[in-house]
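These are the residues of each chain, in order.
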Amino acid sequence: EEGVYSASDLPTNFTSAFFDLNEAEELKSSFLSARTSILNEGFAGFGDAWLTAVEGQQLEEAKQLAGVCASVRVQIKQELTLTRIGFEANLEIWNNGDHPLENVTVTLRASPFGNASLDATSLFVFGEPELTDITSISGGVIDAKSNAKSTWLIIPLTEAAPMVEIKYDISGVL
């Protein structure tokens, strides 16, 4: 109907889909305000601000773990993949300490890009890892002064992107 811009103006028996113009204007205003704040803080955009926040959080977490004599590197060898085409993920842990690292457990998971709270692990097949200098990824041991490696083949199922391109984050808990 003409002149109706908000869902609160609709008659109680209205059943069709409705685009709330007032709500859209509020969202636009919030977006522009947030973008202006981010640009004023010297960031190139939302992605730059987000990455800076994540790096800051990682630095704080690293400070809390100071004293642990191991370094970790995660590497995904392919940034773009199609469903049912596998890619490799590598995890390297350097134990530079004088004592073995014990009870090492690694759990991989997938989530929609930027939304780690949603679990999409069931949309991927994670192959058994190839292990070097680690006894297991379920309570394993890494000897002192050694470099452990785990390599997984990960295959996205058709359900991971049935109709349109969808990006995912592959992460892990160590």
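Above this text sits the structure in question.
The rules behind each value
Residues numbered from 1 in each chain as written. Predicted model: local features only at pLDDT ≥ 70, side-chain atom pairs only at ≥ 80, totals over all residues. Heavy atoms only, no water. Salt bridge = Lys/Arg side-chain N within 4 Å of Asp/Glu carboxyl O. Helix = DSSP H or I, 4+ residues; strand = E, 2+ residues; numbered from the N terminus. Buried < 20%, exposed > 50% of the residue type's maximum accessible area, 1.4 Å probe, protein only. Core = buried A, V, L, I, M, F, W, Y, C linked by side-chain atoms within 4.5 Å. Contact = heavy atoms within 4.5 Å. Phe/Tyr/Trp six-rings, centres within 6.5 Å; stacked < 30°, edge-to-face > 60°.

Caption draft 1: Quick peek at the pattern of salt bridges. Within this structure, the stated rule accounts for two salt bridges. Where Asp 98 meets Lys 145, a salt bridge forms, and the shortest distance between an N and an O atom there is 3.2 Å. You can see Asp 98 sitting in the loop between β2 (87–95) and β3 (101–105) and its partner Lys 145 sitting in the loop between β7 (138–142) and β8 (146–156), a full 47 residues away along the chain. With respect to class, Asp 98 is no different from Lys 145; both count as exposed. Between Asp 119 and Arg 109 there is a salt bridge, with the nearest N and O atoms lying 3.8 Å from each other. Here Asp 119, found in the loop between β4 (107–112) and β5 (124–126), pairs with Arg 109, found in strand β4; they are 10 residues apart in sequence, far enough to count as distant. The class of Asp 119 is exposed, set by a relative accessible area of 54%.

Caption draft 2: Examining the nonpolar core more closely. The biggest cluster of nonpolar side chains holds 18 residues, and the ones touching the most others in it are Val 106, Phe 124, Ile 142, Trp 152 and Ile 154. Elements that contribute at least two residues to this core include exactly β2, β4 and β8. For this core, the element with the highest residue contribution is β2, accounting for four residues. Setting aside anything within four residues of it in sequence, one finds Trp 152 in contact with Phe 87, Glu 88, Ala 89, Leu 91, Val 106, Leu 108, Gly 127, Pro 129 and Ile 137.

Caption draft 3: Spotlight on the packing of aromatic side chains. Scanning all chains against the criterion turns up three aromatic pairs. Seen from their ring centres, Phe 124 and Phe 126 are 6.4 Å apart, and the 45° between their planes marks the pair as tilted. We classify Phe 124 as buried; its relative accessible area is 9%. For Phe 126, a relative accessible area of 23% corresponds to the partly exposed category.

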